[in-house]
Amino acid sequence: MTLRIHNTLSKQKELFNPIVAGRVGIYLCGPTVYKPAHIGHAVGPVIFDVVKRYLTYKGFQVNWVVNITDVDDKIITEAAARGVSVTQLARELEQQYVDALAALDVTSIDAMPRASEYVPQMIEHIQGLIDRGYAYVVDGDVYFDVGKDDDYGKLSNRKPEEQFAGTRDGLLGKGKRNPGDFALWKAAKPSEPDDVKFPSPWGPGRPGWHIECSVMSARLLGETFDIHGGGMDLIFPHHENEIAQSESLTDKPFARIWMHNGLTRFNTKKISKSDAEMQKAMQELQLTNLLAKYPSELLRFLILSSHYRAPIDFSDSTIDAARKGLDTFYRLFERIERLTGSNPYEAGVRIEQLFEVATDPSAHALVKDVLAEQLRFLEAMDDDFNTAAAIGVLFDIAGLINRYIEQSRLEIRRSEQPRTFAAAATHTLVFLGRLLGMFLRPAKKQSPGDDALSGDLIALLIDVRNQARQTRQFEIGDLIRNRLDALGILLEDRPDGTGWRRK
RNA sequence: GGCCGCGUACCCAAGUGGUUCAAGGGGACGGAUUGCAAAUCCGUUAUUCGUCGGUUCGAAUCCGACCGCGGCCUCCA
């Protein structure tokens, strides 16, 4: 099986072969820390977390870098508005972001470099571009000269002459040679705080937006590396400019593969910072708020339920549907533990290890079918990380296991062999889910308000109810069930007794 | 205006030339099971893939036009 990845540069899926055999370098554009991160900021990290998990599974050693932009106009403005220092604001929001990613089980990032800590290297890079004639200085600013870069625009398919033809003079700025020229270095303004003033050969100032990614990726991954990721909205100008300033200095290809994820939408609109109507929604869509409201696994599941290049529409109804879908797996896991005594979250025999001993026809069929599904899962992942299709396969496997449980009447007769196979199939299911960063640990079954006493009381009510049912006093039984239902407790009468769960 | 993406059932969402390609989830409706439920299982729910043309023996899938939605072209994951 071979992995193919869609490359924005070529606009098609390409066979993946790393530069150095067995090793993969990935750079993902992280956030500018000037406002709390929203759900859209989690999409890239979750997807690349899966990319890393999958590549690791395939035997690659992955080095994944996500940058933090902590020097920027917007941070300066926001910090001034809040009356805190730029550094203070940036660190606070960075910590929030890191915490949110940890909550989402995005724990596989290898380095999170800060722009502010690579300024000397950026200056070196900029000086190199000046020396090579690709950049010029104007009153303490340094601009990249897009006119000197023959293939400028190859990523976003734009030609600077056409793109900026007839643009207003305003874009020309002070002393720009071409309207499309972008700042590599911005001279400090007197009003700006000291913690964003860095000394440079061109006077005090700070780096432009794009240069940090070129420099930090080169330092941490090499001048040419395997995969560069980010949101679709970064293709132009950010990534285009990264390519220009990197390749103009090194004469080497920058990133081999560009992966761009679709943007998260709310009411079909991009979650944007400037839209007034969006401001209110933004509050709700902040990662910290969402993580307080929903299990993180649900957010991850929702993100992975559509292909990474498609936009995700975020709404209560999509969340709700995702939650109900996820419950299918949770119920299966509970069922398996109850019927087989095997904990799906703990290491156990997977079904592929039982191929030889599956002599019983239905067990044999289960093994065969689950293995076929496993293949489909891997094929989906190999096809540009099609997590949506992969999740579809997980549902199919869950169906196979439930069907097998029904067929072998496991609820009634707990025969040895069906228990073993059902448990093993579930271990395979969990194993595949974990390639997506799912099913890492048992889902929370209880609410914060639950305690031992309420559990005992429910058990007591169940006993009373079953006594009543045995004497066919169903009104009493139903009363208890309905009243518990109103409290959010769902009773389930199974062949082996009555269980309960929260709605 | 230029560039890019999208438009698949009631909703979400895979599929980008042909035998299982119309996955999967939610919802709804039948059936099995249950005292009744819940859960689970079985079945039904798109002869059709925005519209109209074209290419082809054959298209949701390729080409063209059009309609609709969105993104970028200024900061943005």
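Here's what I pulled together on the structure shown here. (Residues numbered from 1 in each chain as written. Chains lettered and ligands numbered in written order. Predicted model: local features only at pLDDT ≥ 70, side-chain atom pairs only at ≥ 80, totals over all residues. Heavy atoms only, no water.)

Helices and strands together make up the secondary structure of chain A, namely 16 helices and 15 strands. With the principal axes as the frame, chain A shows a C-alpha extent of 95 × 50 × 35 Å. Within chain A, the proportion of its 503 residues that are buried is 49%. Total accessible area on chain A stands at roughly 23,200 Å², and carbon and sulfur atoms take up 51% of it. (Helix = DSSP H or I, 4+ residues; strand = E, 2+ residues; numbered from the N terminus. Buried < 20%, exposed > 50% of the residue type's maximum accessible area, 1.4 Å probe, protein only. Areas by Shrake-Rupley, 256 points an atom, 1.4 Å probe, with all protein chains shown as cover.)

This part is about the sheet that holds strand β10 (residues 255-261). Strand order across the open sheet formed by four strands is β4-β3-β9-β10, with parallel pairing between neighbours. With one partner strand each, in any of the chains shown, β4 (61-66) and β10 form the two edges of the open sheet. Ignoring strand direction, the axes of neighbouring strands in this sheet form an average angle of 20 degrees. Where helix α6 (residues 211-221) meets the sheet, it contacts β3 (23-28), β4 and β9 (225-231), and its direction lies at approximately 160 degrees from that of β3. (Pairing = 2+ DSSP bridges. Axes fitted to C-alpha atoms, helices over the stretch in contact; angles between N-to-C directions. Contact = heavy atoms within 4.5 Å.)

Two measures define how a pair of helices packs: the angle their axes make with one another and the distance between the axes. Following both chains from N to C, one finds helix α12 (residues 361-382) and helix α13 (residues 387-407) inclined at 170 degrees, their axes separated by 8 Å at the closest point. If you check the angle between α12 and α13, you find them roughly antiparallel. Residue-level inspection shows Ser362, Ala363, Leu366, Asp369, Val370, Glu373, Arg376, Phe377, Ala380 and Met381 of α12 in contact with α13, the latter providing Thr387, Ala389, Ala390, Val393, Leu394, Asp396, Ile397, Leu400 and Tyr404. Its residues placed into classes, the contact of α12 with α13 shows 13 nonpolar, two polar and four charged. (Parallel < 35°, antiparallel > 145°, perpendicular 65-115°, else oblique. Nonpolar A, V, L, I, M, F, W, Y, C, P; charged D, E, K, R; others polar.)

With that out of the way, let us pick up helix α1 (residues 40-57). The terminal C-alpha atoms of α1, which comprises 18 residues, lie 26 Å apart, in line with the 26 Å expected from a rise of 1.5 Å per residue. Burial within α1 is extensive, with 13 of its 18 residues counted as buried. At the C-terminal side of α1, Gly59 shows a positive phi close to 100 degrees. (Expected span 1.5 Å × (residues − 1).)

The subject of this paragraph is the pattern of salt bridges. This model, assessed by the stated rule, comprises 43 salt bridges. Its salt-bridge partner being Glu192, residue Arg206 comes within 2.8 Å of it at the nearest N-O pair. Taken together, the residues Arg206 in strand β8 (residues 205-207) and Glu192 in the loop between β7 (182-187) and β8 connect sequence positions 14 residues apart. Of the two residues, Arg206 and Glu192, both sit in the buried class. Between Arg469 and Asp493 there is a salt bridge; the shortest N-O distance is 3.4 Å. Placement of Arg469 in helix α15 (residues 452-470) and of Asp493 in strand β14 (residues 489-494) is noted, with a sequence separation of 24 residues between them. The exposure class assigned to Arg469 is partly exposed, which follows from its relative accessible area of 29%. (Salt bridge = Lys/Arg side-chain N within 4 Å of Asp/Glu carboxyl O.)

Let's shift gears to the protein's contact with RNA strand B. Close to RNA strand B lie 60 residues, the nearest being Trp209, Leu234, Lys270, Arg403 and Arg481. In RNA strand B, atoms within 4 Å of the protein come 67% from sugar and phosphate. Lys74 has a polar side-chain atom sitting 3.2 Å from a base oxygen of RNA strand B. Take Arg331: an N or O atom from its side chain is 2.8 Å from a phosphate oxygen of RNA strand B. Sorting elements by how many residues they give to the surface near RNA strand B places α13 first, with nine residues. Considered class by class, the residues forming the surface near RNA strand B number 17 nonpolar, 22 polar and 21 charged. (Near = heavy atom within 4 Å. Polar contact = N/O pair within 3.5 Å; in protein donor to acceptor, adjacent residues only side chain to side chain.)

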